[in-house]
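Remarks on the overall topology
In case you want the letters, here they are:
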Number of protein chains: 2
Amino acid sequence: MNDREMSCNSGGQFMDRGRMNQNGVVQPLLTDLYQITMAYAYWKSGKTDDQAVFDLFFRNNPFHGEFTIFAGLEECLKFLDSFHYSQSDIEYLRQTLPEGIENEFFEYLGNLTAHDVTLYAIDEGTVAFPRVPIIKLEGPLIIVQLLETTLLTLVNYASLMATNAARYRMVAGKHVKLLEFGLRRAQGPDGGLSASKYSYTGGFDGTSNVLAGKLFNIPVKGTHAHAYITSFSSVGELKTRLLKHKQTGIMEDLLEHAIRHRQMLSHVLDVSTEESSEGELAAMVSYAIAFPDGFMALVDTSGLLNFSAVALALNDLGYHALGIRIDSGDLAYLSCLAREAFEKVAERFKVPWFNKLTIVASNDINEDTILSLNEQGHKIDCFGIGTHLVTCQRQPALGCVYKLVEINGQARIKLSQDVEKVTMPGNKNAYRLYSADGHALIDLLQKDSEHPPAVGQKVLCRHPFQESKRAYVIPSHVESLYKVYWKAGKICQHLPTLEQVREKVQISLKTLRNDHKRTLNPTPYKVAVSDNLYNFIHDLWLQNAPIGELS
Amino acid sequence: MNDREMSCNSGGQFMDRGRMNQNGVVQPLLTDLYQITMAYAYWKSGKTDDQAVFDLFFRNNPFHGEFTIFAGLEECLKFLDSFHYSQSDIEYLRQTLPEGIENEFFEYLGNLTAHDVTLYAIDEGTVAFPRVPIIKLEGPLIIVQLLETTLLTLVNYASLMATNAARYRMVAGKHVKLLEFGLRRAQGPDGGLSASKYSYTGGFDGTSNVLAGKLFNIPVKGTHAHAYITSFSSVGELKTRLLKHKQTGIMEDLLEHAIRHRQMLSHVLDVSTEESSEGELAAMVSYAIAFPDGFMALVDTSGLLNFSAVALALNDLGYHALGIRIDSGDLAYLSCLAREAFEKVAERFKVPWFNKLTIVASNDINEDTILSLNEQGHKIDCFGIGTHLVTCQRQPALGCVYKLVEINGQARIKLSQDVEKVTMPGNKNAYRLYSADGHALIDLLQKDSEHPPAVGQKVLCRHPFQESKRAYVIPSHVESLYKVYWKAGKICQHLPTLEQVREKVQISLKTLRNDHKRTLNPTPYKVAVSDNLYNFIHDLWLQNAPIGELS
C-alpha cells in the first residue's frame, strides 16, 4: 500500500499527515542526541551490517490500574515511512557532533531510510500489559537504534491518554457523554492535539479543540464562556430581540416572551426575578437568537430562572433548547436542583421535552470526582473534562522503554539488581489465551522458534522470575498478538480509521474480566512465559551473572 | 518592525517561525469551539464594534512556590501576527457550526486579523505573581475573545516549564549543569519541543532533544544508552582497536592499552577484573575510538574499572576522557565512590585531570531528589532530568485564565462565592515597587487613570478583599510592568533572543528576596491594589451583588 492509499483510507487524517510532512514535526531529528552519537560509534566500529531486535514495552500499568490501551501505532508507521534526514538536518549534525567525524558517516546518514526494518505490533486500540512488547522491531542495528526516542515519544503519551480516557469512560458509564476540554492546559499546541485525538480513541465523544476536529474528524462541541454573560449588563443593550418563528416564519420579540415566562417561572421555581441578573437575561436572549436550535447556556444557581424563561420563549417560537452547563459549585446538588426545576417546568408548562434537557458539568473533574458524583446521585448527562484528563494527573507519563533483545541472532539480556528491570531476551512471540466465555486469561511470551499454543491443549505458563509460580492453561481460543505492520519499506496492513481504533478499544476492554478493570484494587492480569523461554532466560542470566555477587 | 526583522533578531528562531507558519500548528483553529460560537452570537447581536479589555492571569503559583516565571510571549506575538482563518478553516467551520449561520459571518471571519488589537505584557522571563495580569489585551470584543484559548495554551505550559526549570536550577545551585532529557515522556512531539525550549529559558544548560537544538539553537548533549553496551558481548567482536595518537599521529591498539591498565587498576580500585564484563570493555573501547576527545560512558558500579582503564588508555594516546553517567542505584553513594576512584587513579597514575572527570546522574530525578542528594553529600557535576521535569510532576498545569474586565469603557466584575475567583475589574496598570537594596517589595495594581506611584513618596497598598490589610510603602524604585508589545498590526518591541530571556529569568529572580524563593514554606510575595482601585472594586461589587444573598 503506498502513502496516498493509506492517507485516503484514514479520511480526515490526510491533513494530519500533511501537517507531519510539511511542517516536519515528526522528523528523525526529534530524538535524543545519544542515538546519533551511538549511530556514529556503531558505524565506526563496523557494525553497519549487524542485525538487531528491539522490544518496546512498559513495566507498569498507569493510574494504579491493571491494563493499558496501546495507541500511537499509526503515527509510528508514518514516521517510519517518512524517515529521512534532510540536507539541513545533516548540516546541523555536522555542526553539532564533535569534530573529526568522517564525511562518509554523514553520507551514510543522508542515505538512511527505514526500508530494511520490520515492525511487528499489537493492534492499535488493544489492551496491553506490562512486559509484553507492544512493538517489536527487527533490522539493521543502527537504524533500529535511531528510531528509539521518536517511537517512545509517539507511543508513550498516546497510550497514556487513551488509557486515561478509557478509565473515565468506564467510571462514567456508557450513557453519559464525555467531552475533552483540555487544550489550554496541555503541553503546548501539539500536546493539546494529541490529547484530543487519543481521548477520542479511548472513548470520549468529542472535544472542544476545533483544530483537532478539523485534522482528525472528531466531533467538536462548545457553548459559551462566562465572558459572554459579562459582556451584557442590561436588556437595554440588546440590539435585536427578534427571532423568526420556526414554523410560521413571523418575526417575534424573544425578549418579550422570555420576560413574560420569567414572571410565571419565578413562582414555579420559587426564585424572585430580582435575584436574577438582567445582563444574564440579555446574554441568554442574544445567544438563543444566534443558536435557536442549539441553545445551551452556562448557568449558575440563579441562572436557572433566566435559562428556563428563554427556553420557554424559544418553545413559543417552535424551537427546543438543548440544556445547560454548570461550571462551579456542588455539581451533584446543582444537577439535581436543575433536573427538578426542569421537571417542574415540564409539568406546569406542558413541555415534556423539558425533562430531557441536557445537563453538562465541567468544573475540575477527574476519575474520583465522577465516582463520588455517582455515589451521591447526580443528574449530569455530559462531563466536560480538561486539566486532569490531558495532564493525566495521577501519572503524567507512561514509562515505555526500548530494549535490545537480540543481535546477529544472539539473544541479549539486560541484568539488574532490580528484577523488574531484567529484560526478556531474544526474539519472541506473544499470544493471548482466552477462556470459553471469551475472556482473556493470560498473555504468554514464547521464543519465536516455538509452536504457538494450541486450542484445547494444556500449556505450561510460568512466571518469568519465580520458579514456583506456574500453571497449566487450556485455551479455548488463542490470539497471536503480533502482526507485521511495516516491512520492505511498506505499510503491510490496512490501517483502521480513528473511529475503528476507538471501537477496537471498547471491544478489547470487553474481553477483560471486570475484576481486572475495577478502580479499587483491581486483580493483576497475568503475563507468563513458556517453559522453554523460562529456561532460556535463566540459562542466559546465569551465563551473564557477574562473579562475586549473589544474583 | 516587520516579521522578517523579528525573525532575524531571534536567530535560531527563524526556523521555529517557519515551523509555525508552514505547518500551521499555531493557527487560529487551535481553539475551543465556544470561542467561535460566541463570536457568532456577538456578531449576530451587533457587537462587532464593542471594545473590550481582557486580562490574562493566574490565581496561584505552581509547585507550592511563591513565584512564577512568565514565558511564551514571543509565541503569542507570532500568533497575533499570523492570525488569519484560511479558506479551508472557513470551509471546516461552515460544515461544523449549526445550519442557518449567515454567509456574511463567514466573510467577516475570513477578513479578521489581530491588527486592531493592542497587547500589553510583562517582559518574558520576568517573575510574576497571582492576580497581576501578565498580558492585557484591548480591542474589538470578538477578536480579543477569539484569541483566548490559543494564548492560554501558549502561555500556560511555557510558564509552568520555565518556572519548574528555574526551581531545579535554584536547588541544584549555580555550578551544577542541568540537562533536559524528557522528550520521550512529554505530551507528544511538540510537548517535547516546548519542554526543551522553556527548560532552557528557566535555567537549564541544554537538552538531549536534537530538533530542539536545531530549531532554538540550544546546546544538545548525550552519550550512549545501555543498548550500546549490550550490543557487544566480547572483545573479540571489536572490528577495530586502533586509534591515532593525538600528537604523534601513530596508530596504536587502544584495547591493548586498556587491558594493561585494567590489570593495574584492579588492585588500585580493589575490583577483580573478572567482575567486569568483557562486552562492556569492548563497547567502551569502541566508543572511545569514535569519540576520543568526548569519551563519556554509562557505567554501573562494576563499570568504573573498565571506564578507568579505557580513560587511561586514551590518556596514553594523548586524549582526555570526559566522564561517566550513572543511571541507577544510590546516586549519592555511587557518585562519591566514583569520585574517590577517580582521585585514587589521579594520584597513582599521575593524571591530575582524572580528579576533574564529570559525573552525570540521570535516574528519575526531581526537585526533592536533588535536595536529598545535597543533604547526603554527592559528587555529581551534572543532572540529566526527564520525566519529572517535562511533566511538571508536582503540578502538571498552570491555571492561567482570561477574563473580560471592561467593555465599551465600562468595567466588568465577575463575582463568585469563592472570593479567590472574583476578578479585578477595569483597565489597570501594574507596578513593581522596590526597596533601596534592589529587592521587589510588592506589586501594585491601579486603575489605568491613576498616576504611577512616585519614588520616595508613600503609597497606600491594600489587600484587594480584606479591608484591614493595608500598609504604606515608600518605593526606592518603581517599575512599570507593562509594555505595549503589539499595536496596529505590528510587534512594537525589540524581541529578546532565547539567550536574553534566559538571562532575564536569573536577573529577575535575583530581585526576589530569598524567603520568597525557598522550597519549604516560602513567604508569599504581596500583591496589592491602590486605595482608588480598592474602592472601585467594592463599589462595583455592591452594585452587582444579587438581592437576597449575604455576599
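Small disclaimer: the values here were computed from a predicted structure and weren't measured. (Residues numbered from 1 in each chain as written. Chains lettered and ligands numbered in written order. Predicted model: local features only at pLDDT ≥ 70, side-chain atom pairs only at ≥ 80, totals over all residues. Heavy atoms only, no water.)

1. Let's talk about helix α16 (residues 367–376) of chain B
Residue and element names in this part refer to chain B. Going by this rule: Note on classification: 1.4 Å probe, protein chains only; a residue is buried when its accessible area is under 20% of the maximum for its type, exposed when over 50%, partly exposed between these limits. Comment: elements are numbered from the N terminus, with helices defined as DSSP H or I runs of at least four residues and strands as E runs of at least two. Our arc is simply the arc of the directions from the helix axis toward the C-beta atoms. Should any heavy atoms of two residues lie within 4.5 Å, those residues are counted as being in contact. The definition of a polar contact used here is a pair of N or O atoms within 3.5 Å, where within protein one atom must be able to donate a hydrogen and the other to accept one, and adjacent residues in sequence count solely through side-chain atom pairs.
Taken together, the buried positions of α16 are Glu367, Ile370 and Leu373. Down the axis of α16, the sector holding all buried residues measures 125 degrees, keeping them to one side. Residues of α16 that are buried sit in contact with α8 (148–172), α15 (331–348) and β13 (382–385). At the N-terminal end of α16, a side-chain oxygen is found 3.1 Å from the backbone nitrogen of Asp368, two or three residues along, and the residue is Asn366. Where α16 ends, the next residue or the one after it, Gly377, has phi of about 90 degrees, a positive value.

2. Structural notes on unusual backbone geometry
For Asn408 of chain A, which is not glycine, the phi dihedral falls at a positive 45 degrees. Positionally, Asn408 of chain A belongs in the loop between β14 (401–407) and β15 (410–411). Residue Arg131 of chain B is not a glycine yet carries a positive backbone phi of 75 degrees. Within the fold, Arg131 of chain B resides in the loop between β4 (127–128) and β5 (135–140).

3. Description of the relation of the copies chain A and chain B
Definition in use: The superposition of copies rests on a least-squares fit of C-alpha positions from residues with pLDDT of 70 or more in both.
For the match of chain A to chain B, the screw axis carries a shift of 0.0 Å, the RMSD comes to 0.0 Å, and the turn is 180 degrees. Both chain copies can therefore be described as sitting about a two-fold axis.

4. Re the pairing of strand β11 (residues 323–326) of chain A
Residues and elements named next belong to chain A. Inclusion rule: We call two strands paired when DSSP finds no fewer than two bridges between them. Seen with the strands pointing away from the viewer, any crossover whose path from the first strand over the helix to the second strand runs clockwise is right-handed.
Pairing analysis gives four bridges linking strand β10 (residues 296–299) to β11, with the strands arranged parallel. Within β11, the position partnered with Met296 by the bridge is Gly323. Bridging between β11 and strand β12 (residues 358–361) involves four bridges; their strand directions are parallel. Of the residues in β12, the one forming a bridge with Arg325 is Val360. Viewed along the sheet, the connection from β11 through helix α15 (residues 331–348) into β12 turns out right-handed.

5. Considerations on the packing of aromatic side chains
Defined as follows: Put simply, two rings from Phe, Tyr or Trp (the six-membered ring, in Trp's case) pair if the centres are within 6.5 Å, and we call them stacked under 30 degrees between planes, edge-to-face over 60, tilted for the rest. To sit over a ring, a charge needs its Lys NZ or Arg CZ within 6 Å of the ring centre and within 35 degrees of the ring normal.
Counted by the stated rule, this structure contains 40 aromatic pairs over all chains. Measuring from centroid to centroid gives 5.2 Å for Tyr228 of chain A and Tyr287 of chain A, while their planes differ by 70 degrees, and the two rings are edge-to-face. Here Tyr228 of chain A is found in helix α11 (residues 226–230), whereas its partner Tyr287 of chain A is found in helix α13 (residues 278–290), with 59 residues between them in sequence. This pair shows no difference in class: Tyr228 of chain A is buried, exactly as Tyr287 of chain A is. Seen from their ring centres, Phe465 of chain B and Trp541 of chain B are 5.8 Å apart, and the 90 degrees between their planes marks the pair as edge-to-face. Here Trp541 of chain B lies in helix α20 (residues 531–544) and Phe465 of chain B lies in the loop between β18 (459–462) and β19 (470–473), a separation of 76 residues in the sequence. In this structure an aromatic cluster arises from ring pairing among Tyr40, Tyr42, Trp43, Phe105, Phe106 and Tyr108 of chain A together with Tyr228, Phe232, Tyr287 and Phe291 of chain B. The cationic tip of Lys47 of chain B hangs over the ring face of Phe232 of chain A; the distance from NZ or CZ to the ring centre is 3.9 Å.

6. Examining the nonpolar core
This is how it is decided: Throughout, nonpolar core names a set of buried Ala, Val, Leu, Ile, Met, Phe, Trp, Tyr and Cys residues whose side chains join them through atoms within 4.5 Å.
Among the nonpolar cores identified, the biggest contains 368 residues, and Phe307 of chain A together with Phe307 of chain B are the most heavily contacted of them. Apart from the residues lying within four places of it in its own chain, the contact partners of Phe307 of chain A are Met284, Phe295, Ala297, Val299, Ala321, Gly323, Ile324, Phe342 and Leu357 of chain A.

7. What about the sheet that holds strand β18 (residues 459–462) of chain A?
All names here are of chain A. Test applied: Axis angles are defined between N-to-C directions and span 0 to 180 degrees, where every axis is a line fitted to C-alpha atoms and, for a helix, only to the segment in contact.
Taken in spatial order, the six strands line up as β19-β18-β23-β17-β16-β20 in an open sheet, and their pairing is mixed. Lying at the two open borders of the sheet, with one neighbouring strand each, are β19 (470–473) and β20 (477–480). Averaged over all neighbouring strand pairs, the angle between strand axes comes to 35 degrees, with direction disregarded. Pairing analysis gives four bridges linking β18 to β19, with the strands arranged antiparallel.

8. Here we look at the interface of chain A and chain B
What counts, and what does not: Buried area is understood as the total, over both parts, of accessible area removed when two parts are fitted together, assessed with a 1.4 Å probe. Salt bridges are defined by distance alone: a side-chain nitrogen of Lys or Arg within 4 Å of a carboxyl oxygen of Asp or Glu. Following the grouping adopted for this structure description, the nonpolar residues are Ala, Val, Leu, Ile, Met, Phe, Trp, Tyr, Cys and Pro, the charged ones are Asp, Glu, Lys and Arg, and the polar ones are all others, Gly among them.
With 105 residues of chain A in contact, the opposing surface of chain B contributes 105 residues. Taken together, the two surfaces of chain A and chain B that pack against each other cover about 8400 Å², and 62% of this comes from carbon and sulfur. If you look at where chain A meets chain B, you find ten salt bridges. Residues Lys239 of chain A and Asp50 of chain B are paired through a salt bridge, measuring 3.9 Å at the closest nitrogen-oxygen approach. Taken together, chain A and chain B are joined by 46 residue pairs in polar contact (both at pLDDT 80 or more). Class assignment for the residues of the side of chain A that touches chain B results in 48 nonpolar, 37 polar and 20 charged.

9. Let's talk about the packing of helix α4 (residues 73–82) of chain A against helix α8 (residues 148–172) of chain A
Residues and elements named next belong to chain A. Defined as follows: Orientation labels follow simple angle bins: below 35 degrees gives roughly parallel, above 145 gives roughly antiparallel, 65 to 115 gives roughly perpendicular, and whatever is left gives oblique. For any pair of crossing helices, the crossing counts as left-handed if the nearer helix is rotated counterclockwise from the farther one by less than a right angle, and right-handed if it is rotated clockwise.
One way to put it is that α4 packs onto α8 with a least axis distance of 9 Å and a crossing angle of 155 degrees. Judged on the interaxial angle alone, α8 and α4 are roughly antiparallel. The interaxial crossing formed by α4 with α8 has right-handed handedness. Packed against α4, whose contacting residues are Glu75, Cys76, Phe79 and Leu80, the element α8 presents Thr150, Leu151, Leu154 and Val155 at the interface. When the residues that make up the contact of α4 with α8 are grouped by side-chain class, the tally is six nonpolar, one polar and one charged.

10. A look at the environment of Leu398 of chain B
In this fold, Leu398 of chain B is placed in the loop between α17 (387–390) and β14 (401–407). A residue is classified by how much of its surface remains accessible, and Leu398 of chain B, at 2% relative accessible area, is buried. Spatially, the C-alpha atom of Leu398 of chain B lies 16 Å from that of Thr126 of chain B, the residues being 272 residues apart in sequence. Among residues more than four places away in sequence, those in contact with Leu398 of chain B are Arg185 of chain A together with Phe58, Asn60, Pro62, Thr68, Asn156, Ser159 and Leu160 of chain B.

11. Topic: the domain arrangement of chain A
Applicable threshold: Source of the domain bounds: an automatic or database domain assignment.
Per the domain assignment, the segments making up chain A are domain 1 (3–167 + 395–544) and domain 2 (223–380). Each of domain 1 of chain A and domain 2 of chain A has a C-alpha centre, and these two points are 50 Å apart.

12. Description of the packing of helix α3 (residues 33–44) of chain B against helix α6 (residues 103–111) of chain B
Helices that pack against each other are described as a pair by the angle of their axes relative to one another and the distance between those axes. Residues and elements named next belong to chain B. Interhelical geometry of α3 versus α6 gives an angle of 115 degrees and a closest axis separation of 11 Å. Helix-helix and strand crossings are classified by hand; for α3 and α6 the assignment is right-handed. Taken together, the residues of α6 that come into contact with α3 (itself represented by Ile36, Ala39, Tyr40 and Trp43) are Glu104, Phe105 and Tyr108.

13. Here we look at the UniProt feature "domain: Nicotinate phosphoribosyltransferase N-terminal" (unreviewed entry) in chain A
The test is simple: UniProt positions are given in the numbering used here, feature names are shortened, and annotations may be inferred rather than shown by experiment.
Mapped onto this numbering, the UniProt entry gives "domain: Nicotinate phosphoribosyltransferase N-terminal" (unreviewed entry) at residues 29–156 of chain A. Along residues 29–156 of chain A the backbone is 44% helical and 16% strand, and the end-to-end C-alpha distance reaches 18 Å.

14. Comments concerning the UniProt feature "domain: Nicotinate phosphoribosyltransferase C-terminal" (unreviewed entry) in chain A
Per the UniProt record, the feature "domain: Nicotinate phosphoribosyltransferase C-terminal" (unreviewed entry) sits at residues 427–536 of chain A. The distance separating the terminal C-alpha atoms of residues 427–536 of chain A is 12 Å; by composition the span is 21% helix and 35% strand.

15. Side note on the environment of Glu406 of chain A
All names here are of chain A. Relative to the elements of secondary structure, Glu406 occurs in strand β14. C-alpha separation for the pair Glu406 and Ile36, spaced 370 residues apart in sequence, amounts to 20 Å. Once residues lying within four places of it in the same chain are set aside, the contact partners of Glu406 are Gln51, Ala52, Val53, Ala411, Arg412, Gly426 and Asn427.

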